[in-house]
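Structural overview
Okay, here's what each chain looks like letter by letter:
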Amino acid sequence: MKTIAALDAVLDSIPEFRALEAAETALKKHVAALRAPGGRAPVDLAGEAVAALVAGKPIPEDLGRRAWEEKQRIEFTRAELEIVVGLDNRLRGLKEGALRKGANGAFPILRTMLDNLVTEARPMASLLRGINDAQAAIDAGPDTVKAWSGFNDMASRYREVRSAQYVLTRASAGDTIDIGVGVAGGGVSLSGIFPVWSEIANVTELWPEYTPKRWDDATSVPPWPIEAPGKPFQIKHDRAWFLWVLTTPGVRLWLPTAQELAAGVREQRNEAAQRDGEAMTSQNQQSANAAAAGEIPQPRRREPRRERPDRLVSDDGDVREPGAAAARVNALADIGATQDGEDH
């Protein structure tokens, strides 16, 4: 299993998972040995019989016994393969179960890693405000040059933490998560909700124009960097993204469990939908009144939403405990690979 540094740290905290991982490795070696064509010298009994006859000798007396033994060996190997190949799925299921059970204890490890990273990277990000190329960094001085050259590593470490978070979240939530919408009892795709919402606790405060009905409207642009117009939650964990989350006023970073994530998304979406509904009702009333008076109503200004306490990483790197809306859970990734290339 290919892993990243942050994920290695959380998997090391789950001894049962590591033991099952070692068992899986041993099983794969055993299966490869059974299937290896060079594991045993080929037996050419027919060739031996022909050679004996040509040499004027009788056919070996043990030819039949050896032929029977060779057939039995092949059958035994085939029967063993049928059993051990099936063990792979069983071990994989046990690994997933071990990760699911151990995820609760692994989330605090990731939060500590995020706290330490933010504490280290925030001063660098401050120096890089308005610095768009290496020459600008050189002109700004040696401290800025050091920050410029070292920030890519900070962004890579941040991406690793968030990738490990996705592994833990999927371990406990599966491929779907319940945010109060979608197919009854099925929720929505985790991969569609995880980006942005799992990193920023106050998405709708930063983007007050957001409503669940038009979240993908190309004319409604979020304040954060995106990869393509009309896809506000399709982000890339690169240098630009990490700079944005560290330098944008009001951004509240968090690293929620699956249940905390579901609760946070559900609450913010509901508030945004209610706010939008109130705005439309008011706007319709204004339009009716204006039409009666022959006037054009002015657009209603949205009121800022109230803050919701959640587990956050503050400016000084401290973690604040989640509010009552947040619950505890955790997550899993495909045990065969992690999504370093798959940005969430």
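Think of each chain on its own: its residues are numbered from 1, step by step along the sequence as written. Per-residue local features of the predicted model are confined to residues with pLDDT of at least 70, and side-chain atom pairs are confined, for both listing and counting, to 80 or more; whole-chain, interface and lining totals are unaffected and use all residues. Hydrogens are left out, water is left out, and the side-chain values use all remaining heavy atoms of the structure.

Quick look at the nonpolar core now. What is meant by a nonpolar core is a set of buried Ala, Val, Leu, Ile, Met, Phe, Trp, Tyr and Cys residues, joined one to another through side-chain atoms within 4.5 Å. With a 1.4 Å probe rolled over the protein chains alone, any residue whose accessible area is under 20% of its type maximum counts as buried; one over 50% counts as exposed, and the rest are partly exposed. Phe151, Trp224, Trp241, Phe242 and Leu246 are the most contacted members of the largest nonpolar core, which has 68 residues in total. Those elements giving two or more residues to this core turn out to be helix 1 (5–12), helix 2 (15–35), helix 4 (63–127), helix 6 (142–173), helix 7 (190–197), helix 8 (203–206), helix 9 (239–247) and helix 10 (258–293). Helix numbers and strand numbers start at the N terminus; a helix is a DSSP run of H or I with at least 4 residues, a strand a run of E with at least 2. In terms of residue count, helix 4 provides more of this core than any other element does, 15 residues in total. The contact rule is simple, with two residues in contact once any of their heavy atoms fall within 4.5 Å. If near-sequence neighbours (up to four positions away) are discounted, Trp241 is found in contact with Tyr158, Val196, Glu199, Ile200, Trp224, Pro225, Ile235 and Lys236.

The subject of this paragraph is the packing of aromatic side chains. Aromatic rings from Phe, Tyr and Trp, taking only the six-membered ring of Trp, are treated as a pair when their centres fall within 6.5 Å; an angle between ring planes under 30 degrees marks them as stacked, one over 60 as edge-to-face, and anything in between as tilted. Counted according to the given criterion, the structure contains twelve aromatic pairs. With centroids separated by 6.0 Å and ring planes inclined at 85°, the aromatic side chains of Tyr210 and Phe233 adopt a geometry described as edge-to-face. Here Tyr210 is found in the loop between helix 8 and helix 9, whereas its partner Phe233 is found in the loop between helix 8 and helix 9, with 23 residues between them in sequence. The class of Phe233 is buried, set by a relative accessible area of 9%. Centre to centre, the rings of Trp241 and Trp244 are 5.7 Å apart; their planes meet at 25°, and the pair counts as stacked. In this pair, Trp241 and Trp244 are both assigned in helix 9, three residues apart and thus about one turn of the helix distant. Looking at Trp241, the relative accessible area reads 0%, which means it is buried. One aromatic cluster in this structure is built from Trp197, Trp207, Tyr210, Trp224, Phe233, Trp241 and Trp244.

Moving on to helix 7. Burial runs high along helix 7: six of the eight residues are buried. Within helix 7, the full set of buried residues consists of Leu190, Ile193, Phe194, Pro195, Val196 and Trp197.

Bringing the packing of helix 1 against helix 4 into the picture now. The geometry of helix 1 relative to helix 4 is characterised by a closest axis approach of 8 Å and an angle of 130° between their N-to-C directions. By the angle between their axes, helix 1 is oblique relative to helix 4. Between helix 1 and helix 4 the crossing geometry is right-handed. Here Ala6, Ala9, Val10 and Leu11 of helix 1 come into contact with helix 4, specifically with Leu99, Ala106, Ile109, Leu110 and Met113. When residues are sorted by character, Ala, Val, Leu, Ile, Met, Phe, Trp, Tyr, Cys and Pro go into the nonpolar class, Asp, Glu, Lys and Arg into the charged class, and all the rest, Gly among them, into the polar class. Per-class residue counts for the contact of helix 1 with helix 4 are nine nonpolar, no polar and no charged. Interaxial angle, 0 to 180 degrees, is taken between N-to-C directions of lines fitted to C-alpha atoms, where a helix line uses only the stretch in contact. Angles below 35 degrees are treated as roughly parallel, those above 145 as roughly antiparallel, those between 65 and 115 as roughly perpendicular, and all remaining angles as oblique. Each crossing is labelled by how the near helix is turned from the far one, with a counterclockwise turn of less than a right angle marking it left-handed and a clockwise turn marking it right-handed.

Here the protein averages 79 in pLDDT, while 74% of its residues score no lower than 70. Confidence of the predictor in every single residue is expressed as pLDDT, which spans 0 to 100. Mean pLDDT across the secondary structure elements of the protein bottoms out at strand 4 (residues 319–320), with 39, and peaks at helix 9, with 95. Across residues 291–344, where pLDDT falls below 50, the model places 158 contacts with residues more than four positions away in sequence or in other chains.

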